[in-house]
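Notes for the structure review
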Amino acid sequence: MDTYGRYPLELVRGQGVWVWDSNGNKYLDGVAGIAVCTLGHSDPVLRQALVEQLDKLQHVSNLYRIPEQEQLAAALRDRSCADRFFFCNSGAEANEAAIKLARKHGHRVRGIAEPLILTAEASFHGRTLAAVTATGQPRYHAGFEPMVQGFRYFKYNDIASFESLLAACEAEGPRVAAVLIEPLQGEGGVNPGDPAFFQRLRQLCNAHNILLIFDEVQIGVGRSGRWWGYESLGVEPDAFTMAKGLGGGIPIGALAVKTPFDHFQPGEHASTFGGNPLSCRAGLTVIAEIERRGLLANVQQRGAELSSLLGALIERHPTLLESSRGWGLLQGLVLHGGTVTAPDVVKAAIAEGLLLVPAGPRVVRFVPPLVIESDDLQDMVQRLERALGRLVP
Ligand SMILES: *Cc1c(COP(=O)(O)O)cnc(C)c1O
């Protein structure tokens, strides 16, 4: 179906940070499946682990205990603030689980008959009906009304906006079950969270027994240079979701919860494919390889390098480029918003053998594999500069 506006490019092969199209052209991959291919393409260690798992057991139902799933939960528990995990297959599905958990929290802990969930403007939480309702961008709602009940929106990083929404919702008693928010807004324009805002948000949620849930689907699993985005904010969520980077390209998502907020009873939530041995083996391998190869340090160093390369590029093209922002290897290059748009830059970059992805009309997003090296970053920015030359001769 015509659900995607696709570039006329057929990718058939990948190796590390490079991909090839069906005409034999080679591209430096700054997209990585949109923050998915953590270890790059055709990683030999991930391949070997998956082959071995396929030889043993690929899929069994959650009717039975699954050791790979229990091992992945333990690995995530050892590296995060959460202790309980529900596994699914995508980011939207992880957020759906979070939304159901939030509503149970509202009923059980706050005694609310019709609980509300507060989310941010310019957020992105996925395309299923409740996740897209949580997404605070009207353009994603258009045509799919009526939206799911029980969502209200505040301005990201704006504590006055949050406080006035909370006060309005709670004017006649408890109404708010949870806040669902990205530590850094990816899709909505690469907007990093403000630690002061998040610390105040944490205090308010504590004071009202409101569940604070982070959507770590894009920034989580090492992309910020730390395991989780919340580590850059000085606060811990009560629950968080992850997906994109966790399987290194094998579909997997998860809802992570601190024990006191694990409100699910057996039979209340489920997934046929979620937590199967193959996808959990992928998650376990990605986590092990991030540590064995020192990729968190690599993300910190390469992220700083990319940021300074973009800074120099902005100085050379001040009329076109405004600024850059982001954490680790999730960086956004902000255009001034003249006639040249982010999609124009992405198209011109393809002609220079470079893959990038817009985050809205004015921001070009860089989410390369976490294994990227310094030379690749230099190459990337040189290709980008040649692409800019195509747009503004
Ligand atoms: C991509 C994304 C999602 C949706 O994930 P899918 O796997 O496409 O359903 C949700 N939240 C955030 C922050 C994302 O970046």
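Residues numbered from 1 in each chain as written. Predicted model: local features only at pLDDT ≥ 70, side-chain atom pairs only at ≥ 80, totals over all residues. Heavy atoms only, no water.

What follows is about the overall build of the protein chain. Regarding its fold elements, the protein chain presents twelve helices and 17 strands. Projected onto its principal axes, the C-alpha coordinates of the protein chain cover approximately 60 × 55 × 40 Å. Taken over 393 residues, the protein chain has a buried fraction of 55%. Excluding contacts between residues fewer than 6 apart, the proportion of contacts in the protein chain whose partners are at least 24 apart in sequence is 72%. Of the roughly 16900 Å² of accessible surface on the protein chain, a fraction of 51% belongs to carbon and sulfur atoms. (Helix = DSSP H or I, 4+ residues; strand = E, 2+ residues; numbered from the N terminus. Buried < 20%, exposed > 50% of the residue type's maximum accessible area, 1.4 Å probe, protein only. Contact = heavy atoms within 4.5 Å. Areas by Shrake-Rupley, 256 points an atom, 1.4 Å probe, with all protein chains shown as cover.)

On to the site of the ligand. Taken together, Ser-90, Gly-91, Ala-92, Asn-95, Phe-124, His-125, Gly-126, Glu-182, Asp-215, Val-217, Gln-218 and Lys-244 make up the full set of residues adjacent to the ligand. At a separation of 2.7 Å, an oxygen atom of the ligand approaches a polar side-chain atom of Gln-218. Taken by itself the ligand offers 380 Å² of open surface, and the protein chains cover 81% of this. Judged by its atoms lying within 2 Å of the grid points, the ligand is housed in the largest pocket. No other element matches helix H4 (residues 91–108), which puts three residues into the shell around the ligand. Tallied by class, the residues present in the shell around the ligand amount to three nonpolar, six polar and three charged. (Near = heavy atom within 4 Å. Polar contact = N/O pair within 3.5 Å; in protein donor to acceptor, adjacent residues only side chain to side chain. 1 Å grid on protein atoms, 1.4 Å probe; cavity = no way out; pocket = protein on both sides within 12 Å on 5 of 7 lines; lining within 4 Å. Sits in = over half its atoms within 2 Å of the grid points. Nonpolar A, V, L, I, M, F, W, Y, C, P; charged D, E, K, R; others polar.)

Here we take up the packing of aromatic side chains. For the structure shown, the criterion picks out nine aromatic pairs. Judged by centre distance (5.0 Å) and plane angle (85°), the rings of Phe-154 and Phe-162 are edge-to-face. Each member of the pair, Phe-154 together with Phe-162, is buried. Consider the rings of Trp-228 and Phe-240, whose centres lie 4.9 Å apart with planes at 55°: the pair is tilted. Here the residue Trp-228 occupies a position in the loop between strand S10 (211–215) and strand S11 (239–242), and Phe-240 occupies one in strand S11, the gap between them amounting to twelve residues. A relative accessible area of 1% means that Trp-228 is categorised as buried. For Phe-240, a relative accessible area of 0% corresponds to the buried category. In this structure an aromatic cluster arises from ring pairing among Phe-154, Tyr-156, Phe-162, Phe-197, Phe-198 and Phe-214. Stacked on the ring of Trp-20, the Lys or Arg Arg-13 has its end atom at 4.1 Å from the ring centre. Taking NZ or CZ as reference, Lys-26 lies 4.3 Å from the ring centre of Trp-18, over its face. (Phe/Tyr/Trp six-rings, centres within 6.5 Å; stacked < 30°, edge-to-face > 60°. Lys NZ or Arg CZ within 6 Å of the ring centre and 35° of its normal.)

The next subject is the sheet that holds S10. Reading across the sheet, the seven strands line up as S4-S12-S11-S10-S7-S5-S6 and stay open at both edges, with mixed pairing between neighbours. Two strands lie at the open edges of the sheet, namely strand S4 (84–88) and strand S6 (151–154), each paired on one side alone. The sheet shows a mean angle of 20° between the axes of neighbouring strands, direction not considered. Both S4 and strand S12 (residues 253–257) contribute to a ladder of five bridges, which runs antiparallel. (Pairing = 2+ DSSP bridges. Axes fitted to C-alpha atoms, helices over the stretch in contact; angles between N-to-C directions.)

With that settled, the discussion passes to the sheet that holds strand S13 (residues 321–327). Across the sheet, four strands lie side by side as S13-S14-S17-S16; this open sheet has antiparallel pairing. Only two strands of the sheet have a single neighbouring strand rather than two, namely S13 and strand S16 (357–358). Here four bridges tie strand S14 (residues 330–335) to strand S17 (residues 363–366), and the two strands are oriented antiparallel to one another. Paired with Gln-331 across the bridge in S17 is Phe-366.

Counting residues in hydrophobic clusters, the biggest one holds 101 residues, and the most contacted among them are Val-179 and Ile-181. The dominant element in this core, judged by the number of residues it contributes, is helix H10 (residues 295–316), at eight residues. The residues touching Val-179, leaving out its near neighbours within four places in the chain, are Leu-118, Phe-154, Phe-162, Leu-201, Cys-205, Ile-210, Leu-211, Leu-212 and Ile-213. The next biggest cluster of nonpolar side chains, apart from the first, holds 21 residues, and it includes Ile-99, Ala-130, Ala-177 and Leu-211. (Core = buried A, V, L, I, M, F, W, Y, C linked by side-chain atoms within 4.5 Å.)

With that out of the way, let us pick up the packing of helix H7 (residues 159–169) against helix H8 (residues 195–208). The N-to-C vectors of H7 and H8 enclose an angle of 15°; their axes lie 10 Å apart at closest approach. For the element pair H7 / H8, the angle class is roughly parallel. Relative to H8, the crossing made by H7 is right-handed. Facing H7, whose interface residues are Ile-159, Phe-162, Glu-163 and Leu-166, H8 presents Phe-197, Arg-200, Leu-201, Leu-204 and His-208. Along the lines of polarity and charge, the residues of the contact of H7 with H8 split into six nonpolar, one polar and two charged. (Parallel < 35°, antiparallel > 145°, perpendicular 65-115°, else oblique. Left-handed = near helix turned anticlockwise from the far one by under 90°.)

Moving on, we come to the pairing of S10. With respect to burial, S10 is a largely interior element, five of its five residues being buried. On S10, burial covers both faces: Leu-211, Ile-213 and Asp-215 on one face and Leu-212 and Phe-214 on the other are all buried. Of the strand pairs in this sheet, strand S7 (residues 176–181) and S10 are connected by four bridges, and their pairing is parallel. Looking across to S10, one finds that Ala-178 is bridged to Leu-211. With three bridges joining them, S10 and S11 adopt parallel strand pairing. Across the sheet, residue Phe-214 finds its bridge partner in S11, namely Phe-240.

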